[in-house]
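Descriptive analysis of the structure
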Amino acid sequence: MKQSMTDVAYQILQSGKDAMPFIELWTRVSKELGFNESQFDDNIAQFYTDLSIDGRFFNMPQNNWDLRSRHTFSESVMDTDSIAIDEDSDDEDQDEALDLDEETKEDQEDEE
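Residues numbered from 1 in each chain as written. Predicted model: local features only at pLDDT ≥ 70, side-chain atom pairs only at ≥ 80, totals over all residues. Heavy atoms only, no water.

**What about the sheet that holds strand β2 (residues 57-60)?**
Note the threshold: Should DSSP find at least two bridges between two strands, the strands are taken to pair. A run of DSSP states H or I qualifies as a helix once it reaches four residues; a run of E qualifies as a strand once it reaches two. Both are numbered from the N-terminal end.
One open sheet holds the 3 strands; their spatial order is β1-β3-β2, and the pairing between them is antiparallel. Unpaired on one side and paired on the other, β1 (20-21) and β2 mark the two borders of the sheet. Relative to strand β3 (residues 64-67), β1 is paired through 2 bridges, and the arrangement is antiparallel. Bridge pairing in β3 links P21 to N64.

Here it is, written out as structure tokens:
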């Protein structure tokens, strides 16, 4: 049975002791799975997406990847309380856009 790209990546990272740059991990995974050059190019984006959504992996600074199990919870989770959302500016932007649309319609009607 053929393994998934993420299962192979998990085994590679598990056999090592440190995090690995994405391109090095992808190169090793593609070699393990026997990908040719075309498959290497065609599957890289899918592999990155799969790593990103698979809870076993942790994306570190400079696009290094490691196993989440090697890191503390506080290292691997972003505190969303520090994210500021300015909801008022979105409403104002929409109101301004609507006003511009109405002015444009009025100008077009005046021209006719």
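**Digging into the environment of D41**
By the secondary structure assignment, D41 is in helix α3 (residues 37-53). For D41 and S30, which are 11 residues apart along the polypeptide, the C-alpha to C-alpha distance reads 9.9 Å.

**Comments concerning helix α1 (residues 5-15)**
Cut-off, in case you're wondering: Accessible area is worked out with a 1.4 Å probe on protein chains only. A residue is then buried under 20% of its type maximum, exposed over 50%, and partly exposed in between. Note that the arc is computed from the directions linking the helix axis to the C-beta atoms. A contact between two residues is defined here by any heavy atoms of the two lying within 4.5 Å.
Considered for burial, the residues of α1 that qualify are M5, T6, V8, A9, I12 and L13. Viewed end-on, α1 has its buried residues packed into an arc of 155 degrees, placing them on one side of the element. Packed against the buried residues of α1 are β1, α2 (22-33), α3, β2 and β3.

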